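Below are the chains, spelled out letter by letter.
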Amino acid sequence: MSAPELIRIVSRSSPMALAQVERVRAELAALHPGIRTEVVPVTTSGDRWMGDLAKLGGKGAFTKEVDAALLSGEADLAVHCVKDVPADRPLPAGTTFAAFLKRDDIRDALIHPGGLTLDELPAGTRIGTSSVRRIAQLAASHPELECVPMRGNAGRRMEKLAAGDADALLLAVSGLERIDRMDVATEVLSVETMCPPIGAGILALQCREEDTDTIDVVSGLGDPDAWREATAERMFLHVLQGHCNSPIAGYARCEPSGDLSLRARVFTPDGKTVLNAHEWAGRLDPATLGTSVAVTLLRQGARELIDSIAH
């Protein structure tokens, strides 16, 4: 194999995305000191559009321009949050995941300027979030709270909170850690309180399929547990054919013994119906586990529930 001298990394231009790229660059430099990297920033339609994501075609709005730069040869490597890569359709033809990095924290954090925890928030508190997953779970567990739509990167949301557009925020712990802002977190919510999105806390490295030199180099950054967990979760979402308006949550976990489990939930948007599944695969193939958990939820009526939600 001939290692490339330069790897061009395409990324969204938000501070969070660029922080993620810096992690990849640092890990690459440690593993392959001789290889140079440069960043090719793009602004995606999802970053420009502040309205309802479903109107843009959902989560793919954050990946389309990045995929285009990769496929056209302007860049050699894309860094994605797995949770932003749609699983209900295959990756763009000609591209593949070369590695999943070691997983970060999968939990959500509450940010409340007065330092209150979720259970202490008074009725009518406005929580800024546009996540259907968070909205459904809050409706189920804390129906007295009110969710107000809020999009934009973490920094922008914190500005909106300071401006009084909401009284509190829910943000991913991994995102706050990446931009070094865990100081604002009032409470880290357990996965029982707020089940994470599929792919939470995992960064994926995507390459062109025929670019085997780059694939060989960056695959060394991959974490085997993250690969198994991401594979199970994405297969689960693929079989379920959830769309970006479906409140679906779940996470796989690799135990030190090698045993793999997957816990998943499907909600109605009002949180009144919650379908639950939790299965162990032992050392079984992760994709089989993802399929099995999806089938368990389909038996409970997940298809009808998802199809009844407009998107």
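Check the entry above for the structure.
Residues numbered from 1 in each chain as written. Predicted model: local features only at pLDDT ≥ 70, side-chain atom pairs only at ≥ 80, totals over all residues. Heavy atoms only, no water.

Trainee: I'd like a rundown of the overall build of the protein, residues and numbers included.
Mentor: Across its full length, the protein carries ten helices and 13 strands. Computed over its C-alpha atoms, the radius of gyration of the protein comes to 19 Å, within 12% of the 19 Å expected for a compact globule of 311 residues. For the protein, the C-alpha atoms occupy an extent of roughly 60 × 45 × 40 Å along the three principal directions. Across the 311 residues that make up the protein, the buried fraction comes to 52%. A sequence separation of at least 24 residues applies to 70% of the contacts in the protein between residues at least 6 apart. (Helix = DSSP H or I, 4+ residues; strand = E, 2+ residues; numbered from the N terminus. Rg over C-alpha atoms; globule rule 2.2 N^0.38 Å. Buried < 20%, exposed > 50% of the residue type's maximum accessible area, 1.4 Å probe, protein only. Contact = heavy atoms within 4.5 Å.)

Trainee: Tell me about the pattern of salt bridges, and please be specific about residues and values.
Mentor: By the definition in use, this model includes 20 salt bridges. Across the pair D76 and R8 runs a salt bridge, and its minimum N-O distance is 2.8 Å. Of the two residues, D76 is situated in the loop between α3 (64-71) and β3 (77-81) and R8 in strand β1 (residues 6-12); the sequence distance between them amounts to 68 residues. For R8, a relative accessible area of 22% gives the class partly exposed. Its salt-bridge partner being D105, residue R107 comes within 2.9 Å of it at the nearest N-O pair. (Salt bridge = Lys/Arg side-chain N within 4 Å of Asp/Glu carboxyl O.)

Trainee: Explain unusual backbone geometry to me, using residue names and the numbers behind them.
Mentor: Residues other than glycine seldom take positive phi values, yet D180 does so here, at roughly 60°. Structurally, D180 can be placed in the loop between α6 (173-178) and β9 (187-188). Even without glycine at this site, Q241 takes up a positive phi of about 50°. Position of Q241 among the secondary structure elements: in the loop between α8 (224-240) and β11 (248-254). A relative accessible area of 37% means that Q241 is categorised as partly exposed.

Trainee: Now, about the environment of L101: what can you tell me, with residues and values included?
Mentor: Position of L101 among the secondary structure elements: in the loop between β4 (95-100) and β5 (108-111). Overall, the relative accessible area of 0% leaves L101 in the buried class. In this structure the C-alpha to C-alpha distance between L101 and D76, which are 25 residues apart in sequence, comes to 17 Å. When residues no more than four places from it in sequence are discounted, the contact partners of L101 are R23, V24, E27, I202, L203, L205, L221, D223 and A226.

Trainee: Please provide a residue-by-residue account of the nonpolar core, values included.
Mentor: Within the largest apolar cluster, 24 residues are counted, with the highest numbers of intra-cluster contacts made by F236, L240, I248, V266 and L297. Among the elements of the structure, α8, β11, β12 (260-267), β13 (274-282), α9 (286-299) and α10 (302-307) are those that each provide at least two residues to this core. In terms of nonpolar packing, the next biggest core, distinct from the first, is built from 19 residues, V24, C81, A98 and L221 among them. (Core = buried A, V, L, I, M, F, W, Y, C linked by side-chain atoms within 4.5 Å.)

Trainee: Provide a residue-level description of α8, including the pertinent values.
Mentor: Taking 1.5 Å of rise per residue, 17 residues should cover 24 Å, and α8 covers 24 Å from first to last C-alpha, within 8% of that figure. Among all positions of α8, only A226, R228, E229, A230, T231, A232, E233, R234, F236, L237 and L240 are buried. Close packing links the buried residues of α8 with β4, β11, β12, β13, α9 and α10. One or two steps after α8, the chain reaches Q241, where phi turns positive at roughly 50°. (Expected span 1.5 Å × (residues − 1).)

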